[in-house]
Structure formats: C-alpha cells, structure tokens
Amino acid sequence: MREQDEILSLLTDALNESPYGSECDLLYVGQQKSLTRFTQSAIHQNLVVDDARVVARVMLDGGVGVAATNEIIPETLSAAILKATEIARQQTQPEKLPSLPTPSPIGVINTFDEQTASFSPSDRAASLIRLFNHAGNYRLTLSGAFTTEAGAVALVNSSGINLYQPVTSADLNLLAFSHNGSGYASGVGRSVSDFVPMELAEKAVEKCLQGTDPKDIEPGEYDVLLEPQAVGDLLEWTSQIGFSARECQEGTSFMTGKLGERIAGDNVTIVDDAMDPRGLPFPFDLEGAPKQRVFLIDRGVAAGVVHDRQSAEREGVHSTGHSLGAEFPNRPLALNLIFETGTSTYQEMLAQLDRGLVITRFHYINGYLDTRNALLTGMTRDGTFWVERGLVKHGVKNLRFADSMLRVLSNIAAVSSTTKAVSIGDDLLGACVCPAILVKGFKFTSGTDH
Amino acid sequence: MKDLLPEIRDYLKRRGVDYADLRFESAIRESVVVRNGSVERVSSSQDQGVGIRVLLGGGWGFAATSETSRQALRQTANLAMDIARASALVSRRKVVLSPEPAQKGTYRSPCKKDPFKVPLSAKIDLLAQACDVLQKDDRIRVARGNIRWSRTRKWFFNTEGTETEQDITVSAAGIAATAVSDNDAQKRSFPAGHDGDAATLGFEFIEQMDIAGNAERVREEAVALLTAPECPSGDWDIILDGSQMALQIHESCGHPIELDRVMGTELSLAGGSFLTLDRQGHFRYGSPIVHITADATIPGGRGSFGYDDEGVPAQRYDIVKDGIFVGYLSSRETAPVIGVSSGGAMRAEGWNSIPLIRMTNINLEPGKGSLEDLIADTKKGLLMDANRVWSIDDRRMNFQFGCEIAWEIENGKLGRVFKNPAYRGITPEFWGCCDAICGPENWHVWGVSNCGKGEPMQTIGTGHGAAPTRFRSVRVGAEK
C-alpha cells in the first residue's frame, strides 16, 4: 500500500505534464482485496490481490481523451497523459463540454479501519471455523464469502482539486444448507466490527431450519414481508433504471415527467446519502464533487434524480456528486440509497400478515423490459416462508415475481423502524440502507422445484 | 519478466508446494462510444500483473500483484503459500488434479486487420454515420454506437512443466436506438442487444457487420414499437432469432454445465445447478434434435483460445447429444470427480483473478433450412429478436427472458409488430419443445461480452453458435 503523500505527489507531477490550455484530472484507486470463499463448510478459494490504477483524462479543444494504467510510476503516468492528449486531439464535440469541478468543501468522515486493513487470511479462517462448527451442530453446512478490502481513492485536477480518502470495507455473506433448505444472512460495513459473524451464522441456520422441506404454493398475489436484503435487491434495480438524471432526461426512466407528482405511498421516502454512517459512506464522487444528500422520493412524491456535471449542465443545475469518473461519463448513479424508516417493529409487521410470505432475498432481478413502468422480475431465494395469522408456518419453494415497483411502492402497509446495510456489489463506494417493508398484493407468476 | 516466471516457479517447487502456476497477463483495451452525434468516450486502458496459484498441504492460495520485480514476485509467491496454509486449516477433502501432459506452445487468435492500426477517426466516422441515420427521426431520443477492441498477452508456467504463450485480439461493436414517446420508451439494437457482437478476430469482424447499412431498419423498428400493441400473453409457438438463442443457451445450458457450480462452489452468489452428477448420461435435457457442444477451437469464437488458464489445450466435446445431457465443462480439480480429464474450461478475467470454470463457445449445432423456410412452416406463432431481459433461478430451471421486438406469424407469413415480448419456462421442459433449428446458412457464433461469475465478480467473453430455433407452445407474457 502506498502512502498518501507519495500518491498525491505522483499524481500532481503527472498533472503538470498536461498540455497548455487543457483541463485534466487523474483518478487513483488502489485496493488490496482479500477474500475467502467456502462451500460445504470448507474453504475452496482464498486470495489476496494488490492492485492500483490511475485514470487520466485530458480535455483539449473540444475533445476528451481517457487513458488508464496500473503501473504507477512517473513514466507510465506521463505516457497516460500523452495518450489521453493524443486521443483528445483527434475529436471535436458539437457541444461545449462543462469544465471539470473546482474545489468545494468535502465532508469529513472516517472511512478507514486499521483492524480491517490488517485482517489476515488466518483471521478469516479462524472466524469461519467457529461458524462452521455452529452450523455443524445442526447438521448443516455453510457456504459464502468473507471479504476485507483496504485501499484509497485520490483525485487531482487542473482546477485545483486535490483529494485523498483511505477506505476499508468488510463483507460476510452466509448461506446455511440442509438437504433441501437454505437460509441467508449477511453483514457489511467499513469495519469487520460492524457485524458479528456468529450472529449472522445463527440467523442463517435459523432460516435454513425453518425452510427445510419447503412446500409448493400457487403463484398469484400475496401480501409479503420483505426483509432488508430483499428491499435492497429491489432498490438497486430501481435505481439502475430510474434514479439517474441521464435516464430521466432521455425519457427511459419511470421518473421522466413525474417530478413533483405522487408515484408512491406517503410512507415511502428514499434518499441517496453517501455521508450516512449506517451505509458505506464516501465523501466525494469520482470527479471530485462533494456527495450531496438527494431526495429521490419524498413521502411518496417523485422528488429528484442524481446528477454528474454533464447531466447537471444540461438542466442548468449543480452536480449532486454522483459521477462514476472519466471512464463512465454522463452516467450519474445513486450508490448510497437509503429507504427511510417507518415506525413498526418487525414483529408488529409479521403480526399484520394474515396470509402471506416472508421473503429474505431475491435472485437475478432484471428491470429492462418496461423501464417506464419500472417492471421488475426475479426469483425468491434462501428463505421464503408461508405465514398465517402472523406466524411463520413453513418454507415454500422459490417463486418468480413480476411487478411494477411503482405499484409495489404504492402498496406498502408498514415500514420497519430499524434498517440494515445491504451490499450492492462494490463496497468501496457504497451500500443500500434498508428497512423491512410490508407490501400488499405482490405479484408472483410462476414457481420452481426447490 | 519472462525469465522471472520460471525462476519463481522453481522457487515454489523448492519450497515444497504440491502444485503451483504463474500467469502473467498484459492487456490493452480501447473503446469508442458515440452518443447522439457526440463522442461520449474514447478510452485506452493498459494493465499487467502476475497471478500465482499454489496448492499446499491440501489448501489453495492465490495472490496477485501488479508489481513485476523479482522481489515483488517472491513476496507474492510467499503470500500465496501463506494463504494456502490458512485454507488448509479448513479444507475438507483432498484436492486431486487430473493428470495432464505438459504443454509447450503458442497460440495467436486470427487477426487479418489489426484494430489498433485502424485510425481512431475511421472508427468515430463509422459510428457517427450510423448515428446520423438513427437520428433521422425526432422520436429517437438516444442513438448510440460503440466499438471495442483489445489485445491480451498471456504467459503461463506451472510446476509440471507446462509453458505456454498466447496473444488474443478481441473486436466488438454494436449500435442501438431508443425511441421515446410521452409514455413509452422502446429500444432496437444491431447486431444484438447489450452492446452488439464480439469475436476473437481483427477489425475485419466489425467491417463485415455493415453497421451503417442496418441503421435505417433499426431506427424504423424502434419507432414502430412505440405504437405497436403489447405482445399478447398465452401459449405460443415461438421462433427465437440467433442472438436471443445465444442468450438462451448461455443462461439455461452454459451455466448449469459448469462443474464447479454443480459441486457447490458458486452457491454463495450465483447458485447451483439442476444438472446434478446423477443426471449425466441419461437425463433428457431437450428434444432429440437438440445437440449442444462446447468448442473452444472455433476460429474467432469469443470463447476460443489455445490453452485454458491451467495450461490445458482447447477442446470440442458434446454437452447434449440427441437431447440427452452427456457432458460438463470442467477443470483439473473437478474432472476427476466424474472420471475424466480436464475439459479445458478454466478461465480468469485477468492476471488478478483466480481461474474458474467458464463457458468457452457453447453451441446449439445447426439443423436444416433457412429462417424463411421456418417462418413459412409456422401456422401461428411469434418471431422474437434481440435480448432485452434475462432472469433465471439459482439452479437454472425457472427462467424469464424478454426481447426487443416480436412479429406475429400467421399462415407462414410475418405480420404485426408487438412490443415488450417476454417468455418463460422451465429449462428441460422448454428445450423439450424444440422442434426445428435452422441450418448452417443462418448459424453464427455470437459473442457475449458480459458473462459474470465469481467473487470478486469476474466478467468474461463467451461464444454461442446458434441459428433461429422454434419452440412449441411456450408461455408468453411478462406478468400473467
């Protein structure tokens, strides 16, 4: 791992080689990713990967060039600037591109944990042995992955931005298996102490035991209690197809033309807030703009979308700090979604479920068929239960749902008062924070054999 | 660098590892994206590094570094051994690798026209021309084209004497138009959905696509979809075009035949497989005309190579023969479980990724006749084209896929256009309804660029030879 001064000095020296009259930025992302995967309570994959990458962007005479390298020495950074310049010189743009961001106050938040950075393969193995033993006590096995990451993001640009943020994350997902049942639990945070592995193992085991020997149920409309992971799975896809300014401007989002209108129940408030410590906070986007809290749905009303500088320029507004950097221009994305809490406890919500389902998580959701109506489809997985009069009766075989998120968000009967952080894949930059929700009349179209 | 790899390999042998391999990769990836007449992005990315995989005391360890000095490689080798020792604390069964003869050889993918030597301006012009045509209707809100090309140099050494060298060039391209009205958005793509088509070929692959020549049709179909009726739900005979068949094969056959997945090592993310070990050799996967192969030797296929990332040569073998499931994609560790030698399907995304069992080119072998013949032979049905939606359960049984467009077929002739077509099924039941596959004249190896698997997620290119194919009495409709 390189030190802050060394990285910023390398980037600043390279920046000085950008051509006269150009705008330029250099983004550094360095990571040591350590991961242990296991199945049937045995480790089958164990790795540590050290890598760092610099992406150089040069904007010159109306053209933009981007060049990246993972060899971080002065000569290769100079070569990247030269390559980006050469690319920029071969284009002209019909429209003037907005300038790179200038320095703005960046929120101060700790995103680094020393214990997590030094967590070793042996530490992970020792932790897992205890979990495997716990599952073994119930004649169950565990599968999953235990990941710890440590790294840094740094950014300099020709407008004076000079940023460095060290970052760590820890992520444990666990599946307990019996002969025909499975149960899931997960934890994610900036620190390995943000979750207790044994508590997760106990949860996964409990769900697996409850779901063993699952029964068939007919597809149809059911009231469902969606646990935080299932809510996060839906929210991630909803964001993909609708909470970005680009999709809104281009007319493919369900938010297009709806800002200011009611699109959900008044118990639904969804924001993007990268400074919320309940998630995986990170203070600036990959162009150096400060992350802002953005109301996407405010008490049921479509309130806003997230911007990078290009989408913001088009509407004459400011970036909300949602750029993915030079390699993904014009693609603002909400990475820190927060579904605000309600007032119910989980048990109160379960008690309201007269005949319906508890759903732990979804699998393989896709939402590209009809984005204007936010139509999603996917399968349930690893903990789907039949409930009668507030009591979990038995596990059920997995079901396919197909429903509009606009309809789902308009049919929420209760929102829990607590939330959980849910990983969305890239723990470096963010996670969802979700409550459990009780939804009336969720649509299932078909089933499967397990 | 090339001299250092055998030096480190010998060091690992001296340290007493059971097995080790070292893989150096150096890749250059470039791309250009034109959106609504503007260059949205031109980027060039280089990366290189070494991944070291060690088997020691019954445990696997993998460590990778972008530093390529002797000291860094020695440290990485030591780290891989430390990780293997930690794994061995929680290993349950003895790892046995299938015996494979040591390989010494080189492979270079076919490349007539080097994409790195084609001027950037020519690539931009090609996409700009296509976008100009796409934008000749105000209802087209997004006109987008992309060209991507890459070259990867790979050196592989293992402790059993295998030493191979490969150079693989990839070319890819596609265009898409999104038409928007007050309450709808519809997309058409060419030559396939999701950024088009890809191959391990040179720029000649992109030139033969005739992107500009297809732009007008793409535009007209996107606009027509805005006023087209919703695809009717119900049981229909459907013909899937080649690119949608590629996706169908990929999701419902390619993934469930990955033997590591069958053995449970993907349970934590992507799930398991319905093609369990007890089903090999007798399970009816599809109708008797279904013949599916794995073939990493097809020149130019996106899933083609000379050697996999365990140094095993590329191979062709049957997966489904006469409708019966017969074979898996396998690795050196998994193959002994079913009593065979490795199927040569271990592939890593890059130097910093551990190899996993991945699809090579998984192909539905061609049948007879043209698409026109097949349409003429269909009394009432739907022709669906270009994938838009894909979703399948964690054992690859219950699936729902959607396409960009459908045409009604009545009495052997194409009729009305329908929007938002989707179909679903249970994998072996669906393939059991396959009653016609078009012939070699309509067969093409489609490149899928975005196959994801593993943790950390690895994205890799696969190939799928397919022709338009008919399935009888399939459930159509997304919500009912």
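Just above sits the structure.
This part takes up the overall build of chain B. Of regular secondary structure, chain B possesses nine helices and 23 strands. With the C-alpha coordinates of chain B rotated into their principal frame, the extents come out at 70 × 55 × 35 Å. Taking the contacts inside chain B whose residues are at least 6 apart along the sequence as the reference set, 75% of them involve residues at least 24 apart. Approximately 16300 Å² of chain B is accessible, and the part contributed by carbon and sulfur atoms is 49%. Here chain B holds 58 positive side-chain charges and 63 negative ones, and the gap between their average locations is 3 Å.

The partner chain B presents 82 residues to the 76 residues of chain A that form the contact. Summed over both sides, the interface between chain A and chain B buries roughly 6400 Å², with carbon and sulfur atoms accounting for 50% of that surface. When the buried area of chain A at its contact with chain B is split by residue, A:R37, A:Y364 and A:L369 rank highest and sum to 12% of it. At the junction of chain A and chain B, the tally comes to five salt bridges. The salt bridge involving B:D394 is made with A:R381; its shortest N-O contact spans 3.4 Å. Counting every contact that joins chain A to chain B gives 43 residue pairs in polar contact (both at pLDDT 80 or more). Alignment of strand 2 (residues 42-60) of chain A against strand 3 (residues 59-65) of chain B, held across four bridges, turns out to be parallel. The residue of strand 3 of chain B that forms the bridge with A:D50 is B:T65.

Core analysis: the largest hydrophobic core is formed by 73 residues, its most contacted members being A:L226, A:I270, A:F339 and A:L357. Examining the composition of this core, we find that six residues originate from one element, helix 6 (residues 228-242) of chain A, more than from any other. Once residues within four sequence positions are removed from consideration, A:I270 is found in contact with A:L235, A:F243, A:V294, A:F295, A:L296, A:I297, A:L337, A:I338, A:F339 and A:L409. Of all hydrophobic cores here, the second largest spans 56 residues; its members include B:W236, B:A294, B:V320 and B:C403.

On to helix 5 (residues 211-227) of chain B. With 17 residues, helix 5 of chain B should reach 24 Å at 1.5 Å per residue; the first-to-last C-alpha distance of 25 Å fits that figure. In this fold, the buried residues of helix 5 of chain B make contact with helix 3 (120-134), strand 5 (140-158), strand 6 (163-180), strand 7 (185-190), strand 17 (398-410) and strand 18 (413-418) of chain B.

This part covers helix 1 (residues 4-14) of chain B. For an α-helix the count is 3.6 residues per turn, leaving residues at separations of three or four pointing the same way. Taken as a whole, helix 1 of chain B has its buried residues at B:L4, B:L5, B:P6, B:I8, B:R9, B:Y11 and B:L12. B:G16 sits one or two residues past helix 1 of chain B and shows a positive phi near 85°.

All names here are of chain A. Across the interface, helix 4 (residues 121-137) lies against helix 5 (residues 197-211) with an axial gap of 10 Å and an inter-helix angle of 30°. Classified by the interaxial angle, the pair formed by helix 4 and helix 5 is roughly parallel. Where helix 4 crosses over helix 5, the handedness of that crossing is right-handed. Along its contact with helix 4, which presents S127, R130, L131, H134 and A135, the element helix 5 presents P197, M198, A201, E202 and V205. For the contact of helix 4 with helix 5, a count of residues per class yields six nonpolar, two polar and two charged.

As a further point, take the layout of surface pockets. To find leftover empty space, one rolls a probe the size of a water molecule over the atoms. Considered as a void within the structure, the largest pocket measures approximately 720 Å³ in volume. Lining the largest pocket are 34 residues, with A:F177, A:H179, A:N180, A:H450 and B:R395 positioned closest to its centre. Of all the elements in the fold, those that place two or more residues in the lining of the largest pocket are strand 13 (375-388) of chain A together with helix 7 (259-262) of chain B. Residue contributions to the lining of the largest pocket peak at five residues, all from strand 13 of chain A. A class-by-class count of the residues in the lining of the largest pocket yields eight nonpolar, 18 polar and eight charged.

Right, let's talk about the side chain of B:T360 for a bit. Mapped onto the elements, B:T360 comes out in the loop between strand 14 (356-357) and strand 15 (362-364). Those residues in contact with B:T360 that sit more than four places away from it in its chain are B:A294, B:D295, B:A296, B:G303, B:F305, B:L329, B:G344, B:A345, B:R347, B:T462 and B:G463.

Further remarks concern the sheet that holds strand 15 of chain B. All names here are of chain B. Pairing is antiparallel in the open sheet, where four strands are placed in the order 12-11-10-15. Looking at strand neighbours, the two that pair on one side only are strand 12 (324-325) and strand 15, the edges of this open sheet. Sheet analysis places strand 10 (residues 292-295) next to strand 15, joined by three bridges and oriented antiparallel. Residue T293 lies in a different strand from strand 15, and its bridge partner there is N363. Of the strands in this sheet, strand 10, strand 11 (316-321) and strand 15 touch helix 6 (residues 242-254), which is tilted by about 120° from strand 15.

So, about the pairing of strand 1 (residues 19-35) of chain B. Regular strands place side chains that alternate from one sheet face to the opposite one. Residues and elements named next belong to chain B. Along strand 1, 14 of the 17 residues are buried, which leaves the element largely enclosed by surrounding structure. Sheet analysis places strand 1 next to strand 2 (residues 38-56), joined by 17 bridges and oriented antiparallel. When the sheet's bridge partners are listed, R29 is paired in strand 2 with S45. Hairpin geometry of strand 1 and strand 2 is characterised by an intervening segment of two residues between the two adjacent antiparallel strands and by a positive phi of about 50° at N36. Note: strand 1 against strand 5, 15 bridges, orientation antiparallel. Across the sheet, the residue bridging to V32 is I147, located in strand 5.

Take the environment of B:R475 next. All names here are of chain B. Along the chain, R475 falls in strand 23 (residues 469-476). On a C-alpha basis, the gap between R475 and I238 in space is 9.5 Å, while along the polypeptide they are 237 residues apart. Within polar-contact distance, the side chain of R475 engages the side chain of D235 at 2.8 Å.

Attention now moves to the side chain of B:D241. Here B:D241 lies in the loop between strand 9 (234-240) and helix 6. Among the polar contacts made by the side chain of B:D241, one reaches the side chain of B:S243 at a distance of 2.8 Å.

Right, let's get into unusual backbone geometry. Backbone torsion omega between B:F190 and B:P191 reads -5°, so that peptide bond is classified as cis. Position of B:P191 among the secondary structure elements: in the loop between strand 7 and strand 8 (197-199). Of note, the bond from B:E455 into B:P456 is cis; its omega dihedral lies within 30 degrees of zero at -5°. Phi angles above zero are rare outside glycine, and A:Q40 is one such case at about 50°.

Looking now at the packing of aromatic side chains. Taken as a whole and judged by the stated rule, the model has 27 aromatic pairs over all chains. For the ring pair A:F243 and A:F254, a centre distance of 5.7 Å and an interplane angle of 70° mean the geometry is edge-to-face. One end of the pair, A:F243, is in the loop between helix 6 and helix 7 (245-250); the other, A:F254, is in the loop between helix 7 and strand 8 (270-272), and eleven residues separate them in sequence. The same class applies to A:F243 as to A:F254, namely buried. Within the aromatic cluster, the residues linked to one another by ring pairs are B:F274, B:F283, B:Y285, B:F399, B:F401, B:Y423, B:F430, B:W431 and B:F471. Sitting above the plane of the A:Y184 ring, A:R361 keeps its charged end 3.9 Å from the centroid.

Residues and elements named next belong to chain B. Remark: helix 3 packs on helix 5, axes separated minimally by 8 Å, with the N-to-C direction vectors making an angle of 20°. The angle between the axes of helix 3 and helix 5 places the two elements in the roughly parallel class. As helix 3 runs across helix 5, the sense of the crossing is right-handed. Residues Q129, A130, V133 and L134 of helix 3 pack against I211, A212, A215, E216, V218 and R219 of helix 5. The class makeup of the residues in the contact of helix 3 with helix 5 is seven nonpolar, one polar and two charged.

What counts and how
- Residues numbered from 1 in each chain as written.
- Chains lettered and ligands numbered in written order.
- Predicted model: local features only at pLDDT ≥ 70, side-chain atom pairs only at ≥ 80, totals over all residues.
- Heavy atoms only, no water.
- Helix = DSSP H or I, 4+ residues; strand = E, 2+ residues; numbered from the N terminus.
- Contact = heavy atoms within 4.5 Å.
- Areas by Shrake-Rupley, 256 points an atom, 1.4 Å probe, with all protein chains shown as cover.
- Lys, Arg positive; Asp, Glu negative; His and termini not counted.
- Charge placed at Lys NZ, Arg CZ, Asp CG, Glu CD.
- Buried area = accessible area lost by both parts, 1.4 Å probe.
- Salt bridge = Lys/Arg side-chain N within 4 Å of Asp/Glu carboxyl O.
- Polar contact = N/O pair within 3.5 Å; in protein donor to acceptor, adjacent residues only side chain to side chain.
- Pairing = 2+ DSSP bridges.
- Core = buried A, V, L, I, M, F, W, Y, C linked by side-chain atoms within 4.5 Å.
- Buried < 20%, exposed > 50% of the residue type's maximum accessible area, 1.4 Å probe, protein only.
- Expected span 1.5 Å × (residues − 1).
- Axes fitted to C-alpha atoms, helices over the stretch in contact; angles between N-to-C directions.
- Parallel < 35°, antiparallel > 145°, perpendicular 65-115°, else oblique.
- Left-handed = near helix turned anticlockwise from the far one by under 90°.
- Nonpolar A, V, L, I, M, F, W, Y, C, P; charged D, E, K, R; others polar.
- 1 Å grid on protein atoms, 1.4 Å probe; cavity = no way out; pocket = protein on both sides within 12 Å on 5 of 7 lines; lining within 4 Å.
- Points joined across faces, edges and corners; volume = space filled by probe spheres on them.
- Phe/Tyr/Trp six-rings, centres within 6.5 Å; stacked < 30°, edge-to-face > 60°.
- Lys NZ or Arg CZ within 6 Å of the ring centre and 35° of its normal.

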